[in-house]
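# Remarks on the overall topology
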Amino acid sequence: MSQETAQRAEPIQRGGAVWALVITSVAGFMASLDNLVVTTALPSIREDLGGGLHDLEWTVSAYTLTFAVLLMFGAALGDRFGRRRLFGVGLTVFTAASAGAALAPGIDSLIAARAVQGVGAAIMMPLTLTLLTAAIPAARRGMAYGIWGAVNGLAVASGPFIGGSLTEHISWQWIFWLNVPLGLALLPLARLRLKESYGTGAPLDITGTLLASGGLFGIVYGLVRGPADGWTGGLVLLGLFAGTALLAGFVLHGIRAANPMLPMRLFRSRAFAGINAASMLMFLGMFGSIFLLSQYMQGVLGYSPTEAGLRMLPWTGMPMLVAPIAGILSDRIGGRPVVATGLFFQAAGLGYLASVVTADVSYAAQLPGLIISGIGMALFFAPASNLVMSSVRPAEQGIASGANNALREVGGALGIAVMGSIFSAQGGYETAQTFVDGLRPALVVGAGVVALAGVAALAMPTRRRAAVDRKAEAEVEPLLESSGVH
């Protein structure tokens, strides 16, 4: 290629990278937002559609369940049939289900639409990272992951604010209508601006899919329903025990099968195992804390949904400012120290909030904890994505993305269940003081879990050591495959 031709081609390549970043970030925002966007709208939904507490809980958990259990299957479908093609399928399902939720005439149809939303998100979400990785040069992926992580982190953290604001100023249906124009705009852009890519070309692992989906469904069902139905309830215990047994079978299948959905040999990598453990624990502590703190600001301190969301901005908005910088830092010094620092900041922020929450605490007293937590969350998201994608071979990045997203969702469901149980055991909704009595120990547990995630991040190898390990694996892998060892 001549120098003139190269100069002509480079702007096109950069333009393709920018389009890929915009499309995948907006799609990831939509999928992540719907995790917690419904929480502040539940009273209005009940007033319009009726239903008891059990029904309202399912408007949240139906999405979480289908999203979590089908993430790895969605990634496998993309690897097999084309990531851009399946991304479009997932986006179409998600957009149509969002319209169905907005038009739902009753609580049962809303729950069904939320479950279908989760199916679409499970296909779409893990493919955003693989499509982005294919479009960005390796040297610049840290910054790209930083922006992608900032947008997704903002969506997770600001879900209660956006949901509350739309409900308060327009109607709860606009929580779901918001997705429709975004989805319709992204569909042609994805077709025209994203390049098609494939995984290993291995056949679909039906046995692994059934084991993983059944196991995750059982565990997530038990975690979601445990606080409401009691941890000794028959269906809760059945879900937890059966889910654990099925996941144990999935692990054995991943060790022995010729082409498993998730090869267990990936976990021999300290980088892959460490970042996945850190991600699950991070979401456990963060989801549970946001779930309770958003209610605390409204139910105890008396803020409206919009006012509560604005006061959470030092936490929820910080990723937009800090995460791109974190991505650049991870390119220069490696993701491990940045991720670990972010997790310890997040733990310190939650610990500080636990120490100051009272029934009438001033906003100024809360502000340092919110800022520290926001910086910590921002430092985590971008480098974590980079670490996940760089811990495996390019052909296995779809598998890695699906596994990491599934573990995050399981961590989020576990966080709401565990911290909700601690809250219920130590306090309750009766008075402002009983709410604080339950909130404080829950935040302490959340801080401890996130600190444990920081320890897991420190257990990952340094960037130089990880590069040596990848080189050694690349040299050994052909020998293992030729001998039939997986």
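What you are looking at is a predicted structure, and each value in this text was computed from that prediction instead of being measured.

## Let's talk about the overall build of the protein chain
When its secondary structure is counted, the protein chain shows 19 helices and zero strands. Of all 486 residues assigned to the protein chain, the portion counted as buried reaches 56%. The long-range fraction of contacts in the protein chain, counting pairs at least 24 apart against all pairs at least 6 apart in sequence, stands at 84%. Total accessible area on the protein chain stands at roughly 19000 Å², and carbon and sulfur atoms take up 67% of it.

## Remarks on the confidence of the model for the protein chain
Mean pLDDT over the protein chain: 79, with 87% of residues reaching 70 or higher. When pLDDT is averaged over each helix and strand of the protein chain, the minimum, 50, is found for helix α19 (residues 463-483) and the maximum, 92, for helix α4 (residues 83-102). Scored below 50 in pLDDT, residues 1-14 shows three contacts in the model against residues more than four places distant or in partner chains.

## Things to note about the packing of aromatic side chains
Under the defined criterion, the tally for this structure stands at five aromatic pairs. Ring centres of Y63 and F67 lie 5.5 Å apart, and the angle between their planes is 55°; on these two criteria the pair is classed as tilted. Pair noted here: Y63 and F67 are both in helix α3 (residues 53-81), with a separation of four residues, about one helical turn. Each ring, one from F267 and one from F272, has its centre 4.9 Å from the other, and the planes form 70°; the classification is edge-to-face. Through a chain of ring-to-ring contacts, three or more aromatic side chains come together here, namely Y296, F423 and F435.

## Topic: the nonpolar core
Judged by nonpolar contacts, the single largest core of 131 residues is most densely connected at M72, F87, L110, M286, Y296, W315 and L343. Element by element, the count of residues in this core is highest for helix α11 (residues 270-299), at 14 residues. Counting six residues, the second-largest nonpolar core is a separate cluster that includes M318, V322, A326 and A378.

## As for the packing of helix α15 (residues 335-356) against helix α18 (residues 432-458)
Direction vectors running N to C along α15 and α18 enclose 165°, while the axes themselves pass 8 Å from each other. By the angle class used here, α15 and α18 are roughly antiparallel. Pair α15 / α18 crosses with left-handed handedness. Residue-level contacts link R336, V339, A340, L343, F344, Q346, A347, L350, G351, L353 and A354 of α15 to R440, L443, V444, G446, A447, V450, A451, A453, G454, V455, A457 and L458 of α18. Each residue belonging to the contact of α15 with α18 can be placed in one class, and the counts come to 17 nonpolar, four polar and two charged.

## Side note on the environment of A400
Along the polypeptide, A400 turns up in helix α17 (residues 397-426). A400 sits in the buried class, given a relative accessible area of 0%. Not counting residues up to four positions away in its chain, the partners in contact with A400 are F272, V388 and V392.

## A few points about a nonpolar patch on the surface
Taken together, the side chains of F344, L452, V455 and L458 present a nonpolar region at the surface, about 340 Å² in accessible area. Among the elements that make up the nonpolar patch, the one with the highest residue count is α18 (three residues). Its place among the elements puts V455 in helix α18.

## Describing helix α2 (residues 42-49)
Of the positions making up α2, those classed as buried are L42, I45 and L49. Projection of α2 onto a plane perpendicular to its axis shows the buried side chains occupying an angular sector of 60°, all on one side. Of the exposed residues in α2, those oriented more than 90 degrees away from the buried face are P43 and E47. G50 lies just past α2 and shows a positive phi near 75°.

Cut-off values and rules
Residues numbered from 1 in each chain as written. Predicted model: local features only at pLDDT ≥ 70, side-chain atom pairs only at ≥ 80, totals over all residues. Heavy atoms only, no water. Helix = DSSP H or I, 4+ residues; strand = E, 2+ residues; numbered from the N terminus. Buried < 20%, exposed > 50% of the residue type's maximum accessible area, 1.4 Å probe, protein only. Contact = heavy atoms within 4.5 Å. Areas by Shrake-Rupley, 256 points an atom, 1.4 Å probe, with all protein chains shown as cover. pLDDT = per-residue confidence, 0-100. Phe/Tyr/Trp six-rings, centres within 6.5 Å; stacked < 30°, edge-to-face > 60°. Core = buried A, V, L, I, M, F, W, Y, C linked by side-chain atoms within 4.5 Å. Axes fitted to C-alpha atoms, helices over the stretch in contact; angles between N-to-C directions. Parallel < 35°, antiparallel > 145°, perpendicular 65-115°, else oblique. Left-handed = near helix turned anticlockwise from the far one by under 90°. Nonpolar A, V, L, I, M, F, W, Y, C, P; charged D, E, K, R; others polar. Patch = residues over 30% accessible without salt bridge, like charges linked within 9 Å, V, L, I, M, F, W, Y side chains within 5 Å. Salt bridge = Lys/Arg side-chain N within 4 Å of Asp/Glu carboxyl O. Arc of directions from axis to C-beta.

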